[in-house]
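# Observations on chain architecture
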Amino acid sequence: MRIGLLTGGGDCPGLNPAIRAVVRKCEVGYGDEVIGFLDGWRGVVEDAVVPLDVERCRGILPRGGTILGTSRTNPYRIENGPARAVETIERHHLDALIAIGGEDTLGVADKLGASGIPVVGIPKTIDNDLSETDFTIGFDTAVQIAVESIDRLHTTAESHHRVLVCEVMGRHAGWIATYAGIAGGATVILVPEEPFAIDSVCEYLRHRHCAGTYASIVVAAEGAKPVEGTLALVAPELDQFGHERLGGISTVVAEEVEHRTGYESRVTILGHVQRGGTPSAFDRVLATRFGTAAVDCVHDGAWRSMVALHGTRVERVPIADAVAKLKTVDPDLFRSVAEVFFG
Ligand code: F6P
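As the structure is a computational prediction, the values presented were derived from the model and not from experiment.

Calculation rules
Residues numbered from 1 in each chain as written. Predicted model: local features only at pLDDT ≥ 70, side-chain atom pairs only at ≥ 80, totals over all residues. Heavy atoms only, no water. Near = heavy atom within 4 Å. Polar contact = N/O pair within 3.5 Å; in protein donor to acceptor, adjacent residues only side chain to side chain. Areas by Shrake-Rupley, 256 points an atom, 1.4 Å probe, with all protein chains shown as cover. Nonpolar A, V, L, I, M, F, W, Y, C, P; charged D, E, K, R; others polar. Domains from an automatic or database assignment. Core = buried A, V, L, I, M, F, W, Y, C linked by side-chain atoms within 4.5 Å. Buried < 20%, exposed > 50% of the residue type's maximum accessible area, 1.4 Å probe, protein only. Contact = heavy atoms within 4.5 Å. Patch = residues over 30% accessible without salt bridge, like charges linked within 9 Å, V, L, I, M, F, W, Y side chains within 5 Å. Salt bridge = Lys/Arg side-chain N within 4 Å of Asp/Glu carboxyl O. Helix = DSSP H or I, 4+ residues; strand = E, 2+ residues; numbered from the N terminus. Pairing = 2+ DSSP bridges. Axes fitted to C-alpha atoms, helices over the stretch in contact; angles between N-to-C directions. Phe/Tyr/Trp six-rings, centres within 6.5 Å; stacked < 30°, edge-to-face > 60°. Lys NZ or Arg CZ within 6 Å of the ring centre and 35° of its normal. Buried area = accessible area lost by both parts, 1.4 Å probe.

## With respect to the site of the ligand
By nearness alone, every residue bordering the ligand is listed as G10, R72, I126, D127, M169, G170, R171, E222, H272 and R275. For the ligand, an oxygen atom lies 2.8 Å from a polar atom in the side chain of R72. When isolated, the ligand has an accessible area of 400 Å², and the protein chains bury 83% of it. Considering only residue class, the shell around the ligand consists of 2 nonpolar, 3 polar and 5 charged. Among the domains, domain 1 (2-138 + 279-324) and domain 2 (141-275) are the pair contributing at least three residues each to the shell around the ligand.

Structural data, given as structure tokens:
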């Protein structure tokens, strides 16, 4: 078979291990040929391709990023985009296209799949907000990076008796904030799913500081929102998929905290540090399992399916179900576990 492969959307650690796994399983397992599209859907629309083989994939297992490049190109927002994508796939006589992406990239894959393109999906996003899979590639590494940073923030917060607000990624889902906050011993965690009352945040901080420990870490997802009408926020820009470009809630929170409590506060926005560098062992294994399973889907003709982690098993789910709605933080995890440690 001839198989096309792309990585789309925001990059994350673990993409290269997934590429390597697809290529290895194709070439060694089935005798397939693989071509890579550059920069996600841009490469499909503009016919930008590179050959991929086991040799090309040597040494990429521990490398962050993606050797194919990525972009947030949406063919459905480009004139004749979908038709040009189909032409490229036909020009290269592809029998299948494997898309490694989050909700946007896989949403496009499923739309093309509905028009007859044989597609299979692999879930990745540091945000872990794709439905129908317990974990996505990149999440574990991002949490690890955030926790290492929070551990460092603790010691400087303690030395200076400060409140340090650490902003992590997560536009609509606070998975990174929740996991990193629990693992990093945050005094309070702010997530998009649970609008926060700044009064309660200050109460938690006062409680901790009155107990004699004048140092706190607040972990805030970039998409964390105050209870409506309580704090003024600046309106963000939108990307090609209509998503808000966020960043800055932590500054608002830190200023309010300092103003209301008198505790000196500082901000650390981790930003793209969370998406860079070497993938964790968990992400390498997950990507390897997903990549090999996706090639099996191709050979079984399981079109429009996405490989997914359910407990310890890799299974197949319809891409349509995975992208139908975002997987937000389990309220039980937040309220029954994370909140127990607030204050
Ligand atoms: O890929 C998801 C994500 O990392 C979000 O958490 C974040 O809001 C966004 O990407 C940032 O996108 P960009 O790198 O395009 O600014």
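## Focus on the nonpolar core
One finds L5, I19, I98, I122, L190 and F196 to be the most contacted residues of the largest nonpolar core, which totals 81 residues. Two domains each put at least three residues into this core: domain 1 (2-138 + 279-324) and domain 2 (141-275). The contacts of F196, once residues within four sequence positions are left out, are L190, V201, A224, K225, P226, V227, L231, I249 and V253. If you look at the next biggest cluster of nonpolar residues, it comprises 23 residues, including L6, L94, L97 and A322.

## A closer look at a nonpolar patch on the surface
A surface patch of nonpolar side chains, about 360 Å² in accessible area, is lined by I182, V337, V340 and F341. Note that I182 resides in helix α6 (residues 175-184). Take I182: its relative accessible area is 35%, and that puts it in the partly exposed class.

## Overview of the environment of H172
As for its position among the elements, H172 is in the loop between β6 (163-168) and α6. With 55 residues separating them in the primary sequence, H172 and V227 have C-alpha atoms 15 Å apart.

## A look at the sheet that holds strand β11 (residues 265-269)
Hydrogen bonds between backbone groups are what pair the strands of a sheet, and the pairing can be parallel or antiparallel. The sheet built from 4 strands is open, its strands ordered β7-β8-β6-β11 with parallel pairing. Edge strands, defined here as strands with exactly one partner in the open sheet, are β7 (188-190) and β11. Taken over all neighbouring pairs, the strand axes of this sheet differ in orientation by 20 degrees on average, direction set aside. With 6 bridges connecting them, β6 and strand β8 (residues 216-221) associate as parallel partners. From the neighbouring strand, V163 faces β8, where its bridge partner is S216. Sheet contacts for helix α8 (residues 249-261): β6, β7, β8 and β11; angle to β11, the most-contacted strand, approximately 170 degrees.

## A look at the packing of aromatic side chains
As enumerated under the stated definition, the model contains 8 aromatic pairs in all. Judged by centre distance (5.1 Å) and plane angle (75 degrees), the ring pair of F139 and Y179 falls under edge-to-face. One end of the pair, F139, is in helix α5 (residues 139-160); the other, Y179, is in helix α6, with 40 residues separating them in the sequence. A relative accessible area of 30% places Y179 in the partly exposed class. Where F334 meets F342, the ring centres are 5.9 Å apart and the plane angle is 80 degrees; that geometry is what we call edge-to-face. What makes F334 buried here is its relative accessible area of 3%. For F342, a relative accessible area of 11% corresponds to the buried category. An aromatic cluster of three or more residues is present, and its members are F135, F139, W175, Y179 and F282. The side chain of K111 reaches across the aromatic face of Y76, ending 4.3 Å from its centre. Lying across the ring of W175, K327 places its NZ or CZ 5.3 Å from the centre.

## Focus: the domain arrangement of the chain
Note: interface size is frequently given as the accessible area lost on complex formation between the parts. Domain annotation for the chain reports domain 1 (2-138 + 279-324) and domain 2 (141-275). Computed over C-alpha atoms, the centres of domain 1 and domain 2 are 33 Å apart. The interface of domain 1 with domain 2 comprises 20 residues on the first partner and 16 residues on the second. Carbon and sulfur atoms make up 50% of the surface buried where domain 1 meets domain 2, a total of about 1600 Å² over both sides.

## A word on the sheet that holds strand β5 (residues 119-123)
The mixed open sheet is built from 7 strands, whose spatial order is β3-β2-β1-β4-β5-β12-β13. A single partner strand is all that each edge strand has here, and the edge strands are β3 (49-52) and β13 (313-318). In this sheet, adjacent strand axes meet at a mean angle of 30 degrees when their direction is disregarded. Direction of pairing for strand β1 (residues 2-7) relative to strand β4 (residues 96-101): parallel, over a ladder of 5 bridges. Across the sheet, T7 pairs through a bridge with I100, a residue of β4. Strands β1, β4, β5, β12 (305-310) and β13 of the sheet are contacted by helix α9 (residues 281-300), whose axis makes an angle of about 140 degrees with β12.

## Concerning the pattern of salt bridges
Counting across every chain of the model gives 17 salt bridges. One salt bridge connects R91 with D47, and the closest N-O pair in it is separated by 2.7 Å. Note that R91 is positioned in helix α3 (residues 81-91) and D47 in the loop between α2 (41-45) and β3, a separation of 44 residues in sequence. Residue classification places D47 among the partly exposed residues on the basis of a relative accessible area of 26%. Ionic contacts of the salt-bridge type, sharing partners, join the residues D39, R42 and E46 into one network.

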